[in-house]
Structures are given as C-alpha cells and as structure tokens.
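These are the residues of each chain, in order.
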Amino acid sequence: MRDGGDGGALRALQLERLKAVIARVHERVPHYREKFAAAGVAPRDLRRLEDIEKFPFTTKEDLRATYPFGMFAAQMEEIARIHASSGTTGKPTVVGYTRGDLGIWAELMARSIRAAGGKPGEKVHNALGYGLFTGGLGYHYGAEHLGAAVIPVSGGATARQVQLINDFRPDILMATPSYALTIADEFARQGLDARACSLRLGMFGAEPWSETMRMEIEQRMGMTALDHYGLSEVMGPGVAQEFPDARGALTIWEDHFLAEIVDPETGRALAEGEAGELVLTTLTKEGMPVIRYRTRDLTRLVPPAAERPMRRMARVTGRSDDMMIVRGVNVFPTQIEAVLAKDERVVPHYRLELRRPEHLDELDVVVEARAEDGDHAAIAENVERLIKVFVGVTTRVQVVAPGTIARSEGKVVRIFDFRPKD
C-alpha cells in the first residue's frame, strides 16, 4: 500500500483536501459557519497549509453542544454508521460515517496492520470492545480488508480468551496494552507459558502506555508489541501506526489527517519537535469532518522515517487533562509507571490516588508485588525513593499481593480521589 508519494506531492495533496473540507463544513455545518464568522475567517483565507492556524479549534465541548447530530456534514440518508462515546463525563460525543468514510476507515486500518507486519491469510484475535466504541469494529473491518481472518472475541471473559488463543492459534493480538497483560496473567494462572502460544504480533492502543509496558508484554508473551493511535472523534483507530523498523514513533497517515502540536495552555502552535497537545484535522471524512480537533493527547511531531514521506508522532505520554499537579509538580501516570519498572519486585499493575486531606495534595501509589513473599515495606520504601528522585514528588506507596488490584478489560482504570480543602 502506498504511503502517499514524496513530501512535496503530499503537501500539495493535503492543501487540496484541506480546502475542500473547510468549504464543506462552512457550507453544511452551521456550528462551524458561526465559529468561523466569530473568528473572522472564511474558506477563502486558506491559501497554504500554515493558514489552518487562523481557524478556530474544535473541542469535545463543541460536539456536546451540538448533540446528537449537529456536527454532521451529510444528510442522514447518507449516514451509514453512528458511533458514540460512553458519555461518562457528560453527554456522549457522537460520530457519523458515510459509506465512503467506512471504506476509507477500513483501508487505513488495513494499511496500519500491514505496516505493523500483518499479512493476508493470517488470523487476528480481536480483544477490543465492539459496539458504540470504535475500537473493535475499526480493527475488525481493517483486518478483513487486508484479507486476514478475524476472531471477534471482544473484551472480557479472559479465561475464554486464553482457550481460544490456544485452540485457534491466531497470529496477531489486538487489544489495549493493559488487557494484554491481563491475558498474560490468565495464562500464568492456568499454568501455561504465554511465550509458547502462536501470537507473534500485538497491535495495542486506546490508552497511553510506556516502553516499560511494551517490554513487559514482549517478555511475557513472546510477541512484537507495536503502538497504534486513533480516536473516535477523528476517525476511530486508523490515524497513526508504529512500524517495526522505526519503533518509538508512529507514522501519521498524513494523506488523510493534518497534524499540529500546540501549547495546551495557550493554544499557540509549536514547532516540529516541541512537546505539546496534538491537534488533528480530517482531510477526507464526509459524514463528520473535524477542523483542528484538540485531542488533549500530549506528544510531539518528528520527521519521517527513511524513505517514508509522512511525519511521525512520538508515543503519547498522557493527556493534558490527566495531568496531576502535586505540590507544584506536574505528574503523569506514565511517569510513575516508568519508575515502577526500575524495581523488578513489582509489576505494572497500579492505582494512583490523589487526595487533599488538609491543604496540600498527597499522592498514594498502590502497586502489586511480583511475588507473594518478600518484604513489602522495604519494597515500598525503595519505590518511594525512586519516585522522589525521578519524578520529584513525595508519595506514599503501598505494596499489595499479586492479583489484588482489579484488572481493566478496557482502558486503564486509575482512581483520583479529590477531597475538598477544609
């Protein structure tokens, strides 16, 4: 599958498609027309790619304010699929797809699987959730488009996941990284060696994960673990994929998405290589294009890998709304996870609890020991020291027995217990 031609041709294609999508939403989406007017811009103001910075951002609040279908740029009779978020933090964010969109989505996911090393004729064990969540169906149709055989297991029933992996002998696992470790735990619980199973490749996404977690998955399951990026508001999965020969950054499919990095506080555009918040504009979606969508995901843009014209994004380190400020220090869960990897006596199953019992924030870290025996107090003391050295905050660490912390079958569950000041 083509990556989109040389760099100059790619930029020309992006500009052509960007002009078309700006004109489409201005004509068909009243909310965008009003936002553009308020910002004093119109489609004619877009003459080069850099002019996108003149246009206003789209946020999750825009999607909720126009709930359910106010952001659609197609008539309902043109819409072939509707997905939505869970709505646990407010109204669900709704996304619509035309049949053309579904075809592009399948193509992008097939491209991603092929880039990761997947091949036609292989078997794919899909342990991502199906339904309104875009993950399971996005991977499913992409794998079928590639010519792979899909085993649509979805999430949960982990003992059955292990049975089907052993019986059906799939080549590729698709899941969240945290659930991959849950599956590895179940192999161990059943007295089985996960490294001996048929899986050779894992494609993981839907939550930030660290290099430490990658190493844990690869060591315990004997597979190559690669990162994938997408989000429902933009497409679902299918935005960017890590290549096995260019690990550490994911190639963005720039023939379909325009990527920017902005300062999460000011919204100011940042130069390539600077860390900030990822902003995405869809270039080919018909049903619900989005212009400068603030993803809240923190990363940076890096140059293309050799012989590939498309830029890459570094691994997502967290979200701007996941960040904790603990006594003036910015802390992300992935920072804590990286520190936990420095003590081999604990595993990357943990819970963070941010409390405010008096006037100062206090961060508790509850983490599982790797083995039943061992001096938990001594382990906790060492982890507290490591967090202080590498993250710069004082924490209270509690080490608990293996299997104590509830496993997430979807995204990683972390508890932030904010208590009001006296």
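Residues numbered from 1 in each chain as written. Predicted model: local features only at pLDDT ≥ 70, side-chain atom pairs only at ≥ 80, totals over all residues. Heavy atoms only, no water.

1. Some points on the side chain of aspartate 171
Okay, step 1: As for its placement among the helices and strands, aspartate 171 is situated in the loop between helix H6 (158–168) and strand E5 (172–175).
Okay, step 2: Buried and unpaired, aspartate 171 has lysine 123 as its nearest opposite-charge partner, separated by 4.5 Å.
Okay, step 3: With residues up to four places along the chain from it excluded, the contact list for aspartate 171 reads Glu122, Lys123, Ser198, Leu199, Arg200 and Leu201. (Helix = DSSP H or I, 4+ residues; strand = E, 2+ residues; numbered from the N terminus. Buried < 20%, exposed > 50% of the residue type's maximum accessible area, 1.4 Å probe, protein only. Lys, Arg positive; Asp, Glu negative; His and termini not counted. Salt bridge = Lys/Arg side-chain N within 4 Å of Asp/Glu carboxyl O. Contact = heavy atoms within 4.5 Å.)

2. Description of helix H7 (residues 177–189)
Okay, step 1: If you check H7, its first and last C-alpha atoms are 19 Å apart, about what 13 residues at 1.5 Å a residue would give, namely 18 Å.
Okay, step 2: Burial analysis of H7 places 11 of its 13 residues in the buried class, which makes it a mostly covered element.
Okay, step 3: Taken together, the buried positions of H7 are Pro177, Ser178, Tyr179, Ala180, Leu181, Thr182, Ile183, Ala184, Asp185, Glu186 and Phe187.
Okay, step 4: Looking one or two places after H7, you find glycine 191, whose phi comes out positive at around 75°. (Expected span 1.5 Å × (residues − 1).)

3. Notes on the sheet that holds strand E20 (residues 395–400)
Okay, step 1: Judged by pairing direction, the sheet is mixed, and its 3 strands sit side by side in the order E18-E19-E20 without closing on themselves. Each edge of the sheet is formed by a strand with only one pairing partner; in this case those strands are strand E18 (346–355) and E20. Each strand axis lies, on average, 20° off the axis of its neighbour in the sheet, ignoring direction.
Okay, step 2: Bridging between strand E19 (residues 362–369) and E20 involves 6 bridges; their strand directions are parallel. Of the residues in E20, the one forming a bridge with valine 366 is glutamine 398.
Okay, step 3: Its contacts with the sheet put helix H9 (residues 333–340) on E18 and E19, and the angle it makes with E18 is roughly 140°.
Okay, step 4: Seen against the sheet, helix H10 (residues 376–390) touches E18, E19 and E20 and runs at an angle of roughly 145° to E20. (Pairing = 2+ DSSP bridges. Axes fitted to C-alpha atoms, helices over the stretch in contact; angles between N-to-C directions.)

4. Overview of the pairing of strand E10 (residues 257–262)
Okay, step 1: Of all 6 residues in E10, 6 are buried; the element is thus mostly enclosed.
Okay, step 2: Neither face of E10 is exposed, since Phe257, Ala259 and Ile261 on one face and Leu258, Glu260 and Val262 on the opposite face are all buried.
Okay, step 3: In this sheet, strand E11 (residues 276–282) lies alongside E10 in antiparallel orientation, the contact comprising 6 bridges. For isoleucine 261, the partnering residue across the bridge sits in E11 and is leucine 278.

5. Thoughts on the sheet that holds strand E9 (residues 249–252)
Okay, step 1: Read from one edge of the open sheet, 9 strands run E4-E3-E5-E6-E7-E8-E9-E14-E13, paired in mixed fashion. Sheet topology places strand E4 (149–151) and strand E13 (301–302) at the edges, where each strand pairs with a single neighbour.
Okay, step 2: Sheet topology note: the strand E8 (residues 236–242)/E9 ladder contains 3 bridges and is antiparallel. Looking across to E9, one finds that alanine 240 is bridged to isoleucine 252.
Okay, step 3: Along the sheet face, helix H4 (residues 99–116) touches E5, strand E6 (201–204), strand E7 (224–231) and E8 and points at about 25° away from the line of E8.

6. A short note on the nonpolar core
Okay, step 1: With 72 residues, the main nonpolar core has Leu18, Ile22, Met174, Tyr229, Val234, Leu280 and Met313 as its most contacted residues.
Okay, step 2: Leaving out residues up to four positions away in the same chain, methionine 174 has contacts with Ile113, Val124, His125, Asn126, Ala127, Leu128, Tyr139, Ala143 and Met203.
Okay, step 3: Counting 23 residues, the second-largest nonpolar core is a separate cluster that includes Val346, Val365, Leu386 and Val397. (Core = buried A, V, L, I, M, F, W, Y, C linked by side-chain atoms within 4.5 Å.)

7. Some remarks on the environment of isoleucine 261
Okay, step 1: Mapped onto the secondary structure, isoleucine 261 falls in strand E10.
Okay, step 2: Here the alpha-carbon distance between isoleucine 261 and valine 389, two residues 128 residues apart in the chain, equals 30 Å.
Okay, step 3: Among residues more than four places away in sequence, those in contact with isoleucine 261 are Arg268, Ala269, Leu270, Glu274, Ala275, Gly276, Glu277, Leu278, Thr299, Arg300 and Leu301.

8. Side note on the packing of H6 against H7
Okay, step 1: Packing of H6 against H7 leaves a shortest axis separation of 9 Å and a crossing angle of 80°. When the interaxial angle is binned, H6 and H7 end up roughly perpendicular. Within the contact between the two elements, H6 uses Thr158, Ala159, Gln161, Val162, Ile165 and Asn166 and H7 uses Tyr179, Thr182, Ile183, Glu186 and Phe187. (Parallel < 35°, antiparallel > 145°, perpendicular 65-115°, else oblique.)

9. Some details on the confidence of the model for the protein chain
Okay, step 1: Of the residues in the protein chain, 93% have a pLDDT of 70 or more, and the chain-wide mean is 91.
Okay, step 2: Note that pLDDT drops below 50 for residues 1–5; the model gives that stretch 13 contacts with residues more than four away or on any other chain.
Okay, step 3: With pLDDT under 50 throughout, residues 410–422 is counted as low confidence; its partners more than four residues away or in other chains account for 33 contacts. (pLDDT = per-residue confidence, 0-100.)

10. So, the pattern of salt bridges
Okay, step 1: Evaluation of the coordinates by the stated rule reveals 30 salt bridges.
Okay, step 2: A salt bridge links glutamate 216 to arginine 220; the shortest N-O distance between them is 3.7 Å. One end of the pair is glutamate 216 and the other is arginine 220, both in helix H8 (residues 211–221) and 4 residues apart, which spans about a single turn.
Okay, step 3: Classification of arginine 220 as partly exposed rests on a relative accessible area of 23%.

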